[in-house]
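Read off the chains here:
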Amino acid sequence: MLNRKSAIIALGSNLQNPAQQIRAALAAVAAHPQIKLEHTSSLYITAPVGYDDQPDFVNAVCAVSTDLSDVALLAVLNRIEADFGRERTFRNAPRTLDLDIIDYDHQSSDDPHLSLPHPRAHERSFVMKPLAEILPDFKLGQHGNAADIVARLGDDGIRLLSEAE
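As a starting point, this report considers the structure included with it. (Residues numbered from 1 in each chain as written. Predicted model: local features only at pLDDT ≥ 70, side-chain atom pairs only at ≥ 80, totals over all residues. Heavy atoms only, no water.)

1. Considerations on the pairing of strand E4 (residues 57-66)
Next up, step 1: Of all 10 residues in E4, 10 are buried, a share of seventy percent or more.
Next up, step 2: Side chains Phe-57, Asn-59, Val-61, Ala-63 and Ser-65 of E4 all project onto a buried face; the interleaved residues Val-58, Ala-60, Cys-62, Val-64 and Thr-66 project onto the opposite face, where all are buried too.
Next up, step 3: Judged from the nine bridges that link them, strand E1 (residues 5-13) and E4 form a sheet pairing that is antiparallel. Looking across to E4, one finds that Ser-6 is bridged to Ser-65.
Next up, step 4: Pairing between strand E2 (residues 35-40) and E4: five bridges, direction antiparallel. Residue Ile-35 lies in a different strand from E4, and its bridge partner there is Thr-66.
Next up, step 5: For strand E3 (residues 44-46) and E4, the ladder comprises three bridges, and the chain directions are antiparallel. If you follow Tyr-44 over to E4, its bridge partner there is Asn-59. (Buried < 20%, exposed > 50% of the residue type's maximum accessible area, 1.4 Å probe, protein only. Helix = DSSP H or I, 4+ residues; strand = E, 2+ residues; numbered from the N terminus. Pairing = 2+ DSSP bridges.)

2. Notes on the layout of surface pockets
In this approach the atoms are scanned with a rolling probe the size of a water molecule, which exposes any empty space left behind.
Next up, step 1: In this model, the second largest pocket occupies a volume close to 160 Å³.
Next up, step 2: What lines the second largest pocket is simply Thr-46, Ala-47, Pro-48, Val-49, Arg-120, Glu-123, Arg-124, Ser-125, Phe-126, Asp-156, Gly-157 and Ile-158.
Next up, step 3: For the lining of the second largest pocket, a count of residues per class yields five nonpolar, three polar and four charged. (1 Å grid on protein atoms, 1.4 Å probe; cavity = no way out; pocket = protein on both sides within 12 Å on 5 of 7 lines; lining within 4 Å. Points joined across faces, edges and corners; volume = space filled by probe spheres on them. Nonpolar A, V, L, I, M, F, W, Y, C, P; charged D, E, K, R; others polar.)

3. What about the pattern of salt bridges?
Any two side chains of opposite charge can pair, given that their charged atoms come close.
Next up, step 1: This model, assessed by the stated rule, comprises three salt bridges.
Next up, step 2: Linking Asp-105 and Lys-5 is a salt bridge whose minimum nitrogen-to-oxygen distance equals 3.7 Å. In this pair, Asp-105 is assigned in the loop between strand E5 (98-104) and strand E6 (109-111) and Lys-5 in strand E1, connecting sequence segments 100 residues apart. (Salt bridge = Lys/Arg side-chain N within 4 Å of Asp/Glu carboxyl O.)

Scope: geometric values only; no functional claims are made or implied.
See the structure below:
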């Protein structure tokens, strides 16, 4: 990989054995020849956001390095979502898999297809707590580092997935 960039990817699922979906999605990301998985958080159980009438989510975050552009990485992640049966029925709907680029090499973009850093990540404990677990000093845009953001947000509605679950 000649022009390696770093990226933070958030993963979420609340359908069809969500913990297994996340583990399999991490394996699919890691299997791509142009993506190297650098860090992976624990799995967390989180309450749904935006649309409450659905099961809890399993969430995680991973840090990768890649020589893919931001748009090419998004295309790979969208393809993985589709392979896992992702259907986009309505905003915040239940899903088999959701893969979001939270940060791509600390770049800023207002592109309607890929805003960077992710415009709501700093408001979401289910993204920031796993990110702070693996990279507490990671600076997310103008919002500060992951550990400080988590301290501001708190961790209501999020807990570690136990081995038994």
